[in-house]
Amino acid sequence: MNIKEYLKNNFIYLDGGMGTLLQKEGLLPGEMPERWNITHPEVITKIHRDYFDAGSNVVNTNTFGANILKFAPYELEEIVKAAIENAKKAKEESASSQPKWIALDIGPSGRMLAPYGDFQFEDAVKTFAETVKLGVKYGADLVVIETMNDSYETKAALLAVKENCDLPVFVSNAYGEDGKLMTGASPSAMVAMLEGMGADAIGINCSLGPRALMKVCEEYLSKASVPVILKPNAGLPKAVDGETIYDVLPDEFSEDVASLMEKGVRIAGGCCGTTPEYISALVNKASTLTPKEIEKKNITCVSSYTHTVEFNDVPILIGERINPTGKKRFKEALKNNDIDYILNEGISQQEKGVHILDVNVGLPEIDEATMLKKAVFELQAIINLPLQIDTSDADAMEKALRIYNGKAMINSVNGKKESMDAVFPLVKKYGGLVVALTLDENGIPATAEGRFKIAEKILSEASKYGIDKKDIIFDPLTLTVSAEPEAAKETLEAVNMIKNKLGVHTSLGVSNVSFGLPHRDAINSTFFSLAMNNGLSAAIMNPYSAEMMKAYYSYCALSGLDENFSDYISFAETLTEVTTTSTTVKKTEELQGSSLQKAITKGLKEQAALITKEMLTETPPLSIVQEEIIPALNIVGIGFENKTVYLPQLLMSAEAAKSAFEVIKENMSSDNASNKCNIVIATVKGDIHDIGKNIVKLLLENYGFKVTDLGKDVPPEEIVKTSKELCAPIVGLSALMTTTVPAMEETIKLLRKECPHCKVVVGGAVLTQEYADSIGADKYAKDAMETVRYAEEIDKKGI
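Residues numbered from 1 in each chain as written. Predicted model: local features only at pLDDT ≥ 70, side-chain atom pairs only at ≥ 80, totals over all residues. Heavy atoms only, no water.

Moving on, we come to the environment of Glu-718. In this structure, Glu-718 sits in helix H28 (residues 716-726). Judged by its relative accessible area of 36%, Glu-718 is partly exposed. Separated by 29 residues in the primary sequence, Glu-718 and Thr-747 place their C-alpha atoms 9.6 Å from one another. (Helix = DSSP H or I, 4+ residues; strand = E, 2+ residues; numbered from the N terminus. Buried < 20%, exposed > 50% of the residue type's maximum accessible area, 1.4 Å probe, protein only.)

Turning next to the pattern of salt bridges. For the coordinates displayed, the defined rule picks out 43 salt bridges. Among the salt bridges present, the one from Lys-263 reaches Glu-218, with a minimum N-O distance of 2.6 Å. With Lys-263 in helix H10 (residues 250-263) and Glu-218 in helix H9 (residues 214-223), this pair connects stretches of sequence that are 45 residues apart. A relative accessible area of 40% places Lys-263 in the partly exposed class. One network of salt bridges, in which partners are shared, links Glu-122, Glu-163, Arg-402 and Lys-429. (Salt bridge = Lys/Arg side-chain N within 4 Å of Asp/Glu carboxyl O.)

Our next topic: the packing of helix H4 (residues 41-54) against helix H5 (residues 73-93). Interhelical geometry of H4 versus H5 gives an angle of 45° and a closest axis separation of 8 Å. The orientation of H4 relative to H5 falls into the category oblique. Regarding H4 and H5, the two cross each other, and that crossing is right-handed. Within the contact between the two elements, H4 uses Pro-41, Ile-44, Thr-45, His-48, Arg-49 and Phe-52 and H5 uses Asn-86, Ala-87, Lys-89, Ala-90, Lys-91 and Glu-93. Within the contact of H4 with H5, the residues separate by chemical class into five nonpolar, three polar and four charged. (Axes fitted to C-alpha atoms, helices over the stretch in contact; angles between N-to-C directions. Parallel < 35°, antiparallel > 145°, perpendicular 65-115°, else oblique. Left-handed = near helix turned anticlockwise from the far one by under 90°. Contact = heavy atoms within 4.5 Å. Nonpolar A, V, L, I, M, F, W, Y, C, P; charged D, E, K, R; others polar.)

Right, let's get into the environment of Met-18. For Met-18, the position within the fold is in the loop between strand E1 (12-13) and helix H2 (19-24). Taking relative accessible area as the criterion, Met-18 reaches 16% and is therefore assigned buried. The spatial distance from the C-alpha of Met-18 to the C-alpha of Gly-273 is 8.4 Å, given a sequence separation of 255 residues. Here Met-18 is in contact with Ile-44, Ile-47, His-48 and Asn-62, once residues within four sequence places are set aside.

Moving on, we get to the pairing of strand E15 (residues 387-390). A two-sided burial pattern is seen for E15, the buried positions comprising Leu-387 and Ile-389 on one face and Gln-388 and Asp-390 on the other. The pairing of strand E14 (residues 356-359) with E15 spans three bridges and is parallel. Considered in E15, the bridge of Asp-358 is made with Gln-388. Considered for its hand, the β-α-β crossover made up of E14, helix H14 (residues 368-382) and E15 is right-handed. For E15 and strand E16 (residues 409-414), the ladder comprises three bridges, and the chain directions are parallel. Paired with Ile-389 across the strands is Ile-410, a residue of E16. For the handedness criterion, the β-α-β arrangement of E15, helix H15 (residues 394-403) and E16 is classed as right-handed. (Pairing = 2+ DSSP bridges. Right-handed = clockwise from strand over helix to strand, strands pointing away.)

See below:
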């Protein structure tokens, strides 16, 4: 039976944990679990069979970490082949009668993708693709992408599956206690991106127990139009007598998961700490439940790597300034490859309050496809707003969509067959909200009725590609009133007709209306107000125009779209003159901070280096470090701790600070160098995941610590040897997987024996304070900034 057909009317039960069961069977600290497919096939087969017998419909192959980064190609093939054979054997031997399928399991690569790490997006796609192709070759029924904590890596994995097979694909992500992915994505943002790319089911796994994941799960259920997955841990882990145990037992686990199945979860199972006993309890507990119908949510939205922007009653502002049309300085920036100019334009518009940034780099003198891809990549590195990819070049559009982290707005398609044939396949493959211009081979109709008919034609053609009308936003086209006096009237009527008769959203490039007229802002802002009153959903506009912003905030306030007039009042405060007294001016300057601090907090690497070079002509190096760089890092660090800044912004600020430090090092004598203590860091034996460790290293170095990074999969003896040689007062240990925590405990025991003076700080997705205490660590750091704060504390004490 086809699993997607079965899913329409039935619950699907997944399996539970693998790593903790292998530890009980004798998996050694640091040993690769995937190799057990070959060396201990009978153990793997029995675990799979026990899950089938407990009621699982789907078991995941023991291939969570099976990729070409970890294994040579020949060994990877043997592992995947053996893993699928073991699962097939278990399926044949199982005594239970429920429908059964075998899923190729794909976990994270363990590498951080650029721009925050050194792993390129296309290399990530290729890495996952190799495993996918082997899964198809040896007969997997579906692919499960799981435990991803980065939206960008999730996209790479899903692209690899979609481009290399036609198997069903389920995708689940690992959320933290704050309800976000490690790199900042909200559940809504993941729903938008993954649904847009065509995942068959999406959801949550790992990290926490079912009760702790309830809010995340409920957000999925409120936004998703595809089946939702829930595969939580058995609560939180702790070590008892060298064994990892969890604090949520089968009865409580099954009750909590079943309650969410009652609310709409369609696919359920367990992750770390769960066993066949947990799955059996869940199947029994949910046996009387009837699957809730999966409803289409009809949400029109775009997303960035952190959040969604939904198109509802409140009009959306799209900043128009990243566009060379009529902008001499911008054209020069494009010709000179001056990416910082583009980044500053994006930052300025974000500060003005736009919700989305339009990105148009079309210029005959440059390679548009290369520049658009670069602009999108660099903008997303430092700005968390969704982007509108604005180009008529299909090649440029695809290159930008491919590397876009989220669900983009796409500008544009039109009613010409050539345009629809080129753009709709890209929308279907990569997802997106496409702007549809109401013109066709006959040009732009003079009347609203003519534009309405083109909109109908576009919707009809889009449906042939499987593109829903919620993913199309119509631009009825703003024409110049100085040339056509009736043009504005027809455009406004078209906005009204398309919005109300077709039930879709609309967008306009507002500024075109006043071309050729004096005091253009007066015409633009009035037209903007009229358009909003006719149901306009979004406007591409100039956020630097006070008249346009006044019109926007006033309209929202008067239309009951601004609760307690809070947005209007905040905006009105920005219009207050700041030059009335010197005190006011000084206060404003203090709030803005120095240009170096701003460059660092905004993540502008090249600018930070240039400003530092200029400052060194008048300011001592250590003063720049102590008065500019460290305060800037603290601003971002405090924001990260308070959950107002997310990991990508923290990392880009650290990189900008690093650029400034490199300039300072060239001008600083060894006598003036930092005298902070040595710190040794490593990912423990058997664990190849070093994202967290690399983040910690970057931040510690920026705060002046001397860091020795031993890398990943490091034996305890090497960590101890290096710590003794350097007399390091602090050792930092990282582990992602439950199967490698015993290696962390072993390392701590050896450090206690050989380096009793040394403080040990530990971190990683599987750790908790209680777990860290139980394995003898001095400090559990839940994130990189907590490690920095602890290191500063130890350094001050001179331990």
